[in-house]
Amino acid sequence: MCPQIYLDNAATTKVSNNVKQAMLPFFDELYGNPSSMYAFGQQAKEKLEIAREMVAKCLNAKTNEIYFTSGGSESDNWAIYAATQIGMRQNKKHIITSLFEHHAVLHTLKKLEKQGFEVTYLPVHSNGIIRVQELKNAIRPDTCLVTIMFANNEIGTIQPVQEIGNICRENNIIFHTDAVQAVGHVSVDVDKMKIDMLSLSGHKFHGPKGVGALYVRKGIALSNLIEGGAQERGRRAGTENLPAIWGMAVALQDAVNEMEKVAAYELNLRDKLFNALSKIPHSAINGDKDIRLPNNFNMCFEGIEGESLLLLLDDAGICASSGSACTSGSLDPSHVLLAIGRPHEVAHGSLRLSLSKYTTQEEIDYVISKVPEVVDYLRNMSPVWDQLKKGVRKHVL
């Protein structure tokens, strides 16, 4: 059964009708292998390079700086491994990141730590934003990479990317940003922002799943990811998923073209949610209220379990989340919320609602009516909430 109200667009988005229609010819008319020498294959090759140019223009990059991948996680892994291989050749084995990166970054860095790299994890503070001065202080002569996400996937806070880029360029350090949540939602200019490597994923802006891209600034020696063929300029072997690549390029072009209009629409709905649900006693917004993605809402409600909240909202026809889709099923509290200082018992009671251009005013009104009911119901069942009311425990929020 289709969901009544889908508010988990940070996890994935609906593929737009325009994108679906744009992809169809690649299944029965332009299905040739782009690596084939005959005309039919070269027609596909031409479309592949047009898609590359489309993605590059949306980022203000050069066409030959775009490499197609299977998604954001692969792009993150590829970028980090490539940058650290450059670092090893220069005898530099220090990396700077933040405490609340996506696990595609954090798990990769943990693996590299076992291989002798040192990693500095910058705090993100209560507003979910790193301090530029702390980044400056962390830089060492052997720093080879700074990898800081553009916007957080759980709480949506936007990092000072341009300032980070300037600092890294001044210190001759490669700057990679996981921009999976940001691309297609806020303006991204890799040249202006001095970004050296950038990861993106098509399904976050109404494109298909299983396709992404890695931007790599010209002059950076990108190591091979997959051996076996000449695809992606010899760096990533394997026949290109042309239908998905074309769909992603069209989706990104559409997102950039309508970004200002959609962002204003989402911002209005998001702030309506914040203003209404902030009235629930002992609740708090996670991260800076304004320096965040226009479609991201994230709050904590004291005295409840997020899993129960999500299940009851699902019963009410509302698809929501408590954090990253990549950690669903985990009983551990969000590392993002712990990083901004939320205690374990509060971090467990989080709610993320992420909007899209398809979200309606009526849907938001319904959510505003339902969430307080569900929170109140769960609190009345909670022994923790009973202790809070009786003063046995002290309120945190």
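Just above sits the structure.
Criteria and thresholds
- Residues numbered from 1 in each chain as written.
- Predicted model: local features only at pLDDT ≥ 70, side-chain atom pairs only at ≥ 80, totals over all residues.
- Heavy atoms only, no water.
- Phe/Tyr/Trp six-rings, centres within 6.5 Å; stacked < 30°, edge-to-face > 60°.
- Helix = DSSP H or I, 4+ residues; strand = E, 2+ residues; numbered from the N terminus.
- Buried < 20%, exposed > 50% of the residue type's maximum accessible area, 1.4 Å probe, protein only.
- Lys NZ or Arg CZ within 6 Å of the ring centre and 35° of its normal.
- Polar contact = N/O pair within 3.5 Å; in protein donor to acceptor, adjacent residues only side chain to side chain.
- Pairing = 2+ DSSP bridges.
- Axes fitted to C-alpha atoms, helices over the stretch in contact; angles between N-to-C directions.
- Contact = heavy atoms within 4.5 Å.

Asks: Explain the packing of aromatic side chains to me, please; I cannot follow it from the model alone.
Replies: To describe a pair of aromatic rings, you give the distance between the ring centres and the angle between the ring planes. Under the criterion given, the structure shown has four aromatic pairs. Where F26 meets W246, the ring centres are 5.4 Å apart and the plane angle is 40 degrees; that geometry is what we call tilted. Note that F26 is positioned in helix α2 (residues 25-28) and W246 in helix α8 (residues 242-257), a separation of 220 residues in sequence. W246 shares its class with F26; the two are buried. Note on Y31 and F40: the rings are 4.9 Å apart at their centroids and 80 degrees apart in plane angle, and the pair reads as edge-to-face. The ring of Y358 has K14 lying over it, and the distance from NZ or CZ to the ring centre is 4.6 Å. Seen from the ring of Y67, R233 lies directly overhead, with NZ or CZ sitting 4.0 Å from the centre.

Asks: For this particular structure, what's the right way to read the side chain of E65?
Replies: You can see E65 is positioned in the loop between α3 (39-59) and β2 (66-69). A polar contact of 2.9 Å, which involves the side chain of E65, links it to the backbone nitrogen of K218.

Asks: Even after reading the chapter, I still don't get the sheet that holds strand β5 (residues 143-147), so can you show me in this structure?
Replies: To summarise the sheet geometry, strands pair through backbone hydrogen bonds and adopt either a parallel or an antiparallel arrangement. Pairing within the open sheet is mixed, and its seven strands lie in the order β2-β8-β7-β6-β5-β3-β4. In this open sheet, the two strands that pair with only one neighbour each are β2 and β4 (118-122). The sheet shows a mean angle of 20 degrees between the axes of neighbouring strands, taken without regard to direction. Direction of pairing for strand β3 (residues 94-98) relative to β5: parallel, over a ladder of three bridges. Pairing of H94 across the sheet is with T143, part of β5. Contacts between α3 and the sheet are confined to β2, β7 (197-201) and β8 (212-216), with β2 contributing the most and set at about 115 degrees to the helix. Helix α4 (residues 72-89) rests against β2, β3, β5, β6 (174-178), β7 and β8 of the sheet, and its axis sits at about 165 degrees to β7.

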